[in-house]
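# What the coordinates show
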Amino acid sequence: MTLTQTKTEYEVVIGLEVHAQLKTKTKIFCNCPVDFGAEPNTNVCPVCLGMPGVLPVLNKQVVAYAIKTGLALGCEIVKHCKFDRKQYFYPDLPKNYQISQYDQPICSNGFLDVNGKKIGIQRIHMEEDAGKLVHAGSDRLHGSDYSLVDYNRTGTPLLEIVSLPDIRSIEEARDYAQLLRSILRYLDVCDGNLEEGSMRCDVNVSLRPVGSSILGTRSEIKNVNSFKSLVRAIEAEIERQTEILNSGGKVIQETRLFEENSGKTVSMRSKEEAHDYRYFPEPDLVPLEISKEWINEIKETIPELPHNKKIRYPKDYGLNSDDIKVLIEDRNMAEYYEAVIRLGANPKKAANWLIGPVTAYLKEHKTDIINSCMTPVQLADLLVFIEKGIINDNIAKAEILGEILSNGTNAKEIIEQKGLAQITDEGALKQAVKEVLDQNPEQLKQLKEGKEKVRGFFVGQVMKKTDGKASPNIVNKLIDEFLK
Amino acid sequence: MITKEQVEHVAKLARLSLTGEEIDLYSKQLSKILDYIDQLNEVNTKGVEPMTQPIPTVNVMREDLVKKQFARDEILKNAPHEEYGFFRVPKIGE
């Protein structure tokens, strides 16, 4: 899809609020498991259901993940903070309040470097997720006067990551969200699945005349379930606000819902009225004091992040930006690549193999590099066999790679078992080359006239005769000799 | 002074249905409570950190270990209405 440009007379100002579900084993304030596929209401207890008299106890891992994320996003980590109650009535929230952090977020004042521009991170705070409503409208409930609630998700730990309104284009918003997702995945704190809701984006959009430094009235868009929807939702909202402003109207501050089918945003105002959460400190939890030692300990666990790899890879490996984008998207792939390089493989060749045939295989078999059977050593070995001319590229791709990936068999064994070693013996190939040249006088004439394209035809014919095992280098050399 | 409108607003937020008499009574009572609280403002708290929790403890945390204790049937016994293993509630939104 193409991205439409903002109308020239207005500049778009965007801020993103991202909710990231943390990959903890248990909920934020109780021992219930976090398990998304479970039967409704099987992972609940009196604490997450808000029964009278129960006490929440904070999950230490949630705090550690929050600190880890804050450090990776260049935030200050607060020394002392607390939790607060945010009160509202909605049936997915059994306590009638959400435990969140109001005026003392655990992390603040960070940034994300998006294509060389710093997008400010205003704050990151910890909170609990709500349950899931099954609305009437699903067939079974059509026409019913009630809703059903599954509280399994209630109490799942969330980080809310709030950017400053520093984003100035749709592309920048998408790049910010994609980079943030990538970082959360590198940190292994969130699996970043927008479709399944483990990462959710709310988008604040406003317009202002170009050159103005005053922020216009914003609307907040919810229900953005993919990066594609993010782009479409902002496009639709820019269009809507532009029309309002051009016709002399005023944008109202409100929450709007992105509708996937119509590609439009619709007002949710009715539900959102009386935005008065009456926050107060959560009396059931004691404050947090975060020591320097703990922060340093967590700092040690942060891997090299994708935006750093993006800067380092061209220098260290001489790769182009498209290749780098593919390699660093997934941390396992990037670290696999680096391991192969450490084993002495040629950086460009290793990248081509991983991006090309390896990725194709992984996609086809719906798996990923970490779950394949091929170790970095095995890929490095395979590349050595190719480099030494023991096998050629095509044989390696067609006959060997799939077996290593699926069975973990060493390339050496496969080559021996299947007799795949390249024919590099000039004597053995000479006859084949001669035959092919003799049998195709027309093409030979063309080649002699300097039509180098025809050379590929001859190499192909020799390959056919030798079951693909001829060394292309030697075949070329022999053709040259015959032409002399 | 807490106005009747403020009482009505807070009652609405808390989903409380109040009679006119109750609104009158609560606006007076709440005003008195706030007057009393105002006395605290006379104390000089310069340089004193606001206290959010009277218990002199910090960092009460648990390890991230699963402990499953409750069967769904047991849990749903507390639901006024249940259906298909869900809690049943009045219809919400569209």
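Computed from a predicted model, the values in this text were never measured in an experiment.

With that settled, consider the pattern of salt bridges. Pairing between side chains of opposite charge can happen when their charged atoms approach one another. Residue and element names in this part refer to chain A. Summed over the entire model, instances satisfying the criterion amount to 35 salt bridges over all chains. In this structure, K309 engages E304 in a salt bridge whose closest nitrogen and oxygen atoms are separated by 2.9 Å. E304 gets classed as partly exposed once you look at its relative accessible area, which sits at 28%. A single network of salt bridges, built from pairs that share partners, joins E304, K309, R312, D316 and E338.

On to the packing of aromatic side chains, then. One pass over the structure, following the stated rule, counts nine aromatic pairs over all chains. Here A:Y151 and B:F87 contribute two aromatic rings whose centre-to-centre distance is 5.0 Å and whose plane-to-plane angle is 70°, an arrangement assigned as edge-to-face. Note that A:Y151 is positioned in the loop between β10 (146-150) and β11 (157-163) and B:F87 in strand β3 (residues 86-90), a pairing that runs across two chains. For A:Y151, a relative accessible area of 6% translates into the label buried. The buried category is assigned to B:F87, whose relative accessible area is 9%. Here the aromatic cluster, defined as three or more aromatic residues joined through ring pairs, consists of A:Y88, A:Y102, A:Y277 and A:Y279. Against the face of A:F111 rests A:K118, its NZ or CZ located 4.3 Å from the ring centre.

What follows is about the environment of A:F36. Residue and element names in this part refer to chain A. For F36, the location among the structural elements is in the loop between β1 (10-21) and β2 (58-59). For F36, a relative accessible area of 51% puts it in the exposed group. Setting aside its immediate chain neighbours within four residues, F36 contacts Q21 and T156.

About the cut-offs
Residues numbered from 1 in each chain as written. Chains lettered and ligands numbered in written order. Predicted model: local features only at pLDDT ≥ 70, side-chain atom pairs only at ≥ 80, totals over all residues. Heavy atoms only, no water. Salt bridge = Lys/Arg side-chain N within 4 Å of Asp/Glu carboxyl O. Buried < 20%, exposed > 50% of the residue type's maximum accessible area, 1.4 Å probe, protein only. Phe/Tyr/Trp six-rings, centres within 6.5 Å; stacked < 30°, edge-to-face > 60°. Helix = DSSP H or I, 4+ residues; strand = E, 2+ residues; numbered from the N terminus. Lys NZ or Arg CZ within 6 Å of the ring centre and 35° of its normal. Contact = heavy atoms within 4.5 Å.

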